[in-house]
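Single-letter residue listing:
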Amino acid sequence: MTIKICDFLFEPFAEIQNYQNQLALGGKFGATSIFIGTMRDFNDGDDVQAMTLEHYDGMTQKQLAKIVTTAKAQWQLLDCLIVHRVGEIFPNEPIVLVAVWAAHRGEAFDACRYLMEELKANAPFWKLEQLVSNEKRWVSKNSLI
Amino acid sequence: MTIKICDFLFEPFAEIQNYQNQLALGGKFGATSIFIGTMRDFNDGDDVQAMTLEHYDGMTQKQLAKIVTTAKAQWQLLDCLIVHRVGEIFPNEPIVLVAVWAAHRGEAFDACRYLMEELKANAPFWKLEQLVSNEKRWVSKNSLI
Amino acid sequence: MITLRYFASLKEALNRSSEQLNIVEPLTVLDVWQLANPDLLLAENMLTAVNMDYVPRTHFVHNGDEVAFFPPVTGG
Amino acid sequence: MITLRYFASLKEALNRSSEQLNIVEPLTVLDVWQLANPDLLLAENMLTAVNMDYVPRTHFVHNGDEVAFFPPVTGG
């Protein structure tokens, strides 16, 4: 189970591949469920040119670790990887990656979604958008789904 | 929307990356939900050494296209990719890949799971397992979740 | 003339994967099975398709159709 | 002595990200806020954490604690 906070551009597919390669799980996992959140160039009807992701270093890791512990208690997970970007980020760059490995698909799907929803609800990250108009605004809340 | 039936080993992460690179969707998708099914070296309490995936060529593609059409009518999807392996396959090799791109995560998660469940329920593939004991047996039915 | 196709364990049990049959309509999918396999009952859980779409066994078959019989699918 | 931390739009509004405060217990999270920001109400939707765990505003603060105030989170 690995949680990474990353202040530079990451390649989600390379991250998952590299992580999976070093797992000693060959032949044991039948299901991998993955979610990748990517920065869009629009939000709430406005064109966005850049974004700054602030976080509460330390609390982020603590809250994500709690979420992972709760997921492990609820589903039989073989492993999971969470990567979240911080700092300045541009459209089409990945923001977040959640990947779950399990023997069966139900567990993988459920746990991946749970991790993602809990991350959005509880991990202390904040988005400051820079619109194409150059106006800066804080995203006030996450969508519910 | 692409459906591939593949009779050789494929690299799921390279497939998704290459597919995504050629989409003209930069900045438009915020959510990618992915499921990868991988061959395990055990099933129903027995050790498995290899598997042969048979399919009904033509009907497979037709049924998968119908499933994709139904998903597109239900959710706002920007694109999706389905790859399914056929032929002889070994533990730790990927069997199936479903990837969905959408603006928002709810749509991506729901559609990916729907596509995967419908694929398992309706696409005419059959698994013939070769156990470590050398016994061959047809998998009689898929698990419900 | 119609084409019959068998898959997976059913293909192995029948020892053939396809055959052609001259039919006189009207005939259902189940009639076609019994014409081709007079001594064998089609097990309850076997699935049936005509022209690559799932159909019930009571579906009427027409000349030129491809009729398929197979066990529950197990892909993914 | 406790450490107060502010994040995101709240940090910008207060024009500072952290400060230290000498306190005499007992004191709740909300008491701490009002001690540090006597002229400002803490908006209903602001979140509060002590030592990096979410707590209600009525939670009692102890010397050595890190007390954080921030707007709804928007990661992922």
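Look up: the structure comes first, before these words.
Note that the structure is a prediction, hence the values are computed from the model and not measured.

*Asks:* Let's hear about the sheet that holds strand E5 (residues 77–85) of chain B: which residues, and what values?
*Replies:* With respect to topology, 8 strands assemble into an open sheet ordered E1(A)-E5(A)-E7(A)-E2(A)-E2(B)-E7(B)-E5(B)-E1(B), the strand pairing being mixed. The outermost strands of the open sheet, each flanked by one partner alone, are strand E1 (2–6) of chain A together with strand E1 (2–6) of chain B. Strand-to-strand, the axes of this sheet are offset by a mean angle of 10°, without reference to chain direction. Sheet topology places strand E5 (residues 77–85) of chain A next to strand E7 (residues 94–102) of chain A; 7 bridges connect them, and they run antiparallel. By the bridge assignment, Leu 77 of chain A is partnered in E7 of chain A with Ala 102 of chain A.

*Asks:* Now, about the relation of the copies chain A and chain B: what can you tell me, with residues and values included?
*Replies:* Turning chain A through 180° and shifting it by 0.0 Å along the axis lays it on chain B, with an RMSD of 0.0 Å. Here the transformation between the copies is reduced to the relation of a two-fold axis.

*Asks:* Would you mind going over the side chain of Gln 130 of chain A in detail, with residue names and values included?
*Replies:* Looking at where Gln 130 of chain A falls in the secondary structure, it is placed in strand E8 (residues 125–131). One polar contact links Gln 130 of chain A to Asn 134 of chain A, side chain to side chain, over a distance of 3.2 Å.

*Asks:* Describe the environment of Val 68 of chain A, listing the residues and the values that go with them.
*Replies:* All names here are of chain A. With respect to the helices, strands and loops of the structure, Val 68 is situated in helix H2 (residues 59–74). Take Val 68: its relative accessible area is 8%, and that puts it in the buried class. Distance in space between the C-alpha atoms of Val 68 and Phe 90 is 28 Å, their sequence separation being 22 residues.

*Asks:* Which residues make up the pattern of salt bridges, and what values go with them?
*Replies:* One pass over the structure, following the stated rule, counts 25 salt bridges over all chains. Here Glu 117 of chain B ties to Arg 105 of chain A by a salt bridge, and the two come within 2.7 Å at their closest N and O atoms. Placement of the pair is Glu 117 of chain B in helix H3 (residues 105–122) and Arg 105 of chain A in helix H3 (residues 105–122), with the two residues belonging to separate chains. Linking Asp 46 of chain B and Arg 137 of chain B is a salt bridge whose minimum nitrogen-to-oxygen distance equals 2.7 Å. Remark: Arg 137 of chain B occurs in strand E9 (residues 136–138) and Asp 46 of chain B occurs in strand E4 (residues 46–55); sequence separation between them is 91 residues. What you see here is one network of salt bridges that share partners, running through Arg 113 and Glu 117 of chain A together with Arg 105 and Asp 110 of chain B.

*Asks:* Could you give me a rundown of unusual backbone geometry, with the residues and numbers involved?
*Replies:* Residue Pro 26 of chain C is reached from Glu 25 of chain C by a cis peptide bond, and omega for that bond is -5°. Positionally, Pro 26 of chain C belongs in the loop between strand E2 (18–21) and helix H2 (29–36). Positive phi values are uncommon outside glycine, yet Ala 8 of chain D reaches one of about 55°. Mapped onto the elements, Ala 8 of chain D comes out in helix H1 (residues 8–14). When its relative accessible area of 0% is taken as the criterion, Ala 8 of chain D is described as buried. Positive phi outside glycine occurs at Met 52 of chain D, with the angle close to 70°.

About the cut-offs
- Residues numbered from 1 in each chain as written.
- Chains lettered and ligands numbered in written order.
- Predicted model: local features only at pLDDT ≥ 70, side-chain atom pairs only at ≥ 80, totals over all residues.
- Heavy atoms only, no water.
- Pairing = 2+ DSSP bridges.
- Helix = DSSP H or I, 4+ residues; strand = E, 2+ residues; numbered from the N terminus.
- Axes fitted to C-alpha atoms, helices over the stretch in contact; angles between N-to-C directions.
- Least-squares fit on C-alpha atoms with pLDDT ≥ 70 in both.
- Polar contact = N/O pair within 3.5 Å; in protein donor to acceptor, adjacent residues only side chain to side chain.
- Buried < 20%, exposed > 50% of the residue type's maximum accessible area, 1.4 Å probe, protein only.
- Salt bridge = Lys/Arg side-chain N within 4 Å of Asp/Glu carboxyl O.

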